[in-house]
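Structure assessment
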Amino acid sequence: MPAGTTRTLLDGAAGRIEVAANLPMNAHAVAVIAHPHPLFGGTMDNKVVTTVAKAFMDAGIAVFRFNFRGVGASEGKHDEGRGESDDMVAVIGHARAQVSHVPLCMAGFSFGGAVATRASERVDFRQLVLVAPGFRRFSDHGMGEAPDPQDPNLGSPGRHSAANTVVIHGDLDETVPLSDSIAWATPREVPVAVVPGGEHFFHRKLHVLREITARWIR
């Protein structure tokens, strides 16, 4: 857990949501970060999530991580991304109340990347960082087929662009195909930063992930 982290519980649609916050003095933005799939061990303390969080903190941005419903001290049960998007929007509201009048940044890893994309339809944001986003979790085809880049669940036209969104993906990702990120990003003209030798959890490549994130949010 990063130094200076405070943990609280806030009310959500399915019960209490466990939130971890790092609040630097004079934060010039606030970031909310979503974690990977809860049914496969994903939590807000995942190493990819905390690596991205550290990049935001080092940039003077207040950071809020949270556990999806049914994870850790968060109440409720898994809802296939629908309720989890509500959870993220609730945490965003909480974060903005704690650090007001600053821009919002959003981020998500794997399943959390898909959740962040869906949540970004419902709030105004300045930057969105998607790390190996698991868009297949939100498609009608399941994990067996590539998602349709035009699926409205994956972002309405004009919502995401090179001005506000970046995707970071390892070329050796064995869980979420790099081709899914490229297919989603192409019609939106969103940049995809490819990490050579990076697998899904960026083993031995976390420093590269952190540097790419840091450069994007500067």
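Just so it is clear, the structure is predicted and the values come from calculations on it, not from any experiment. (Residues numbered from 1 in each chain as written. Predicted model: local features only at pLDDT ≥ 70, side-chain atom pairs only at ≥ 80, totals over all residues. Heavy atoms only, no water.)

**Some points on the overall build of the protein**
Broken down by element type, the protein carries five helices and eight strands. The secondary structure elements of the protein, listed N-terminal to C-terminal, are β-β-β-α-β-α-β-α-β-β-α-β-α. Computed over the C-alpha atoms, the radius of gyration of the protein is 16 Å, within 12% of the 17 Å expected from 2.2 N^0.38 for a compact globule of 218 residues. A buried classification covers 54% of the 218 residues belonging to the protein. Long-range pairs, those at least 24 residues apart, make up 67% of the contacts in the protein between residues at least 6 apart in sequence. Counting every atom, the protein has about 9300 Å² of accessible surface; 52% of that belongs to carbon and sulfur. (Helix = DSSP H or I, 4+ residues; strand = E, 2+ residues; numbered from the N terminus. Rg over C-alpha atoms; globule rule 2.2 N^0.38 Å. Buried < 20%, exposed > 50% of the residue type's maximum accessible area, 1.4 Å probe, protein only. Contact = heavy atoms within 4.5 Å. Areas by Shrake-Rupley, 256 points an atom, 1.4 Å probe, with all protein chains shown as cover.)

**Considering the side chain of Q127**
Along the chain, Q127 falls in strand β6 (residues 127–131). Here W216 takes part through its backbone oxygen, which lies 3.1 Å from a polar atom of the side chain of Q127. Other than its neighbours up to four places away in sequence, Q127 contacts L104, C105, M106, N164, W216 and I217. (Polar contact = N/O pair within 3.5 Å; in protein donor to acceptor, adjacent residues only side chain to side chain.)

**Quick notes on the environment of L9**
Assignment of secondary structure puts L9 in strand β1 (residues 6–12). In this structure L9 comes out as partly exposed when scored by relative accessible area, which is 40%. Each C-alpha atom, one on L9 and one on S181, is 33 Å from the other, the two residues being 172 residues apart in sequence. Look past the residues within four positions of L9 in its chain and what remains in contact with it is R16, I17, E18 and A73.

**Some thoughts on the packing of helix α2 (residues 82–98) against helix α3 (residues 111–119)**
One way to put it is that α2 packs onto α3 with a least axis distance of 9 Å and a crossing angle of 70 degrees. Comparing the axis directions of α2 and α3 gives the class roughly perpendicular. For the element pair α2 and α3, the recorded crossing hand is right-handed. In this structure, α2 uses R82, E84, S85, M88 and V89 to contact α3, whose residues at the interface are F111, V115, A116, R118 and A119. Taken together, the residues of the contact of α2 with α3 break down into six nonpolar, one polar and three charged. (Axes fitted to C-alpha atoms, helices over the stretch in contact; angles between N-to-C directions. Parallel < 35°, antiparallel > 145°, perpendicular 65-115°, else oblique. Left-handed = near helix turned anticlockwise from the far one by under 90°. Nonpolar A, V, L, I, M, F, W, Y, C, P; charged D, E, K, R; others polar.)

**What to know about the packing of aromatic side chains**
All chains considered together, the criterion is met by four aromatic pairs. Residues F66 and F68 carry aromatic rings whose centres are separated by 5.1 Å and whose planes lie at 90 degrees to one another, so their mutual orientation is edge-to-face. Residue classification places F68 among the buried residues on the basis of a relative accessible area of 0%. Where F109 meets F201, the ring centres are 5.7 Å apart and the plane angle is 75 degrees; that geometry is what we call edge-to-face. (Phe/Tyr/Trp six-rings, centres within 6.5 Å; stacked < 30°, edge-to-face > 60°.)

**A word on the sheet that holds strand β2 (residues 15–22)**
Reading across the sheet, the eight strands line up as β1-β2-β4-β3-β5-β6-β7-β8 and stay open at both edges, with mixed pairing between neighbours. At either end of the open sheet lies a strand with only one pairing partner, and these are β1 and β8 (192–195). Each adjacent strand pair in this sheet contributes to an overall mean axis angle of 20 degrees, direction not counted. As judged from the four bridges shared by β6 and strand β7 (residues 165–170), these two strands associate in the parallel manner. Directly across from V129, in β7, lies its bridge partner V166. The strands touched by α3 are β3 (30–34), β5 (104–109) and β6; relative to β5, the strand with the most contacts, the crossing angle is about 145 degrees. Its contacts with the sheet put helix α5 (residues 206–217) on β6, β7 and β8, and the angle it makes with β6 is roughly 165 degrees. (Pairing = 2+ DSSP bridges.)

**Quick notes on the pattern of salt bridges**
The tally for this structure, following the rule as stated, stands at 12 salt bridges. A salt bridge links R218 to E211, with the nearest nitrogen and oxygen atoms 3.9 Å apart. Taking relative accessible area as the criterion, R218 reaches 67% and is therefore assigned exposed. What emerges from the salt-bridge pattern is a single network uniting R7, E18, D45 and R65. (Salt bridge = Lys/Arg side-chain N within 4 Å of Asp/Glu carboxyl O.)

**Concerning α3**
Within α3, nine of the nine residues are buried, leaving the element largely enclosed by the surrounding structure. Within α3, burial applies to F111, G112, G113, A114, V115, A116, T117, R118 and A119.

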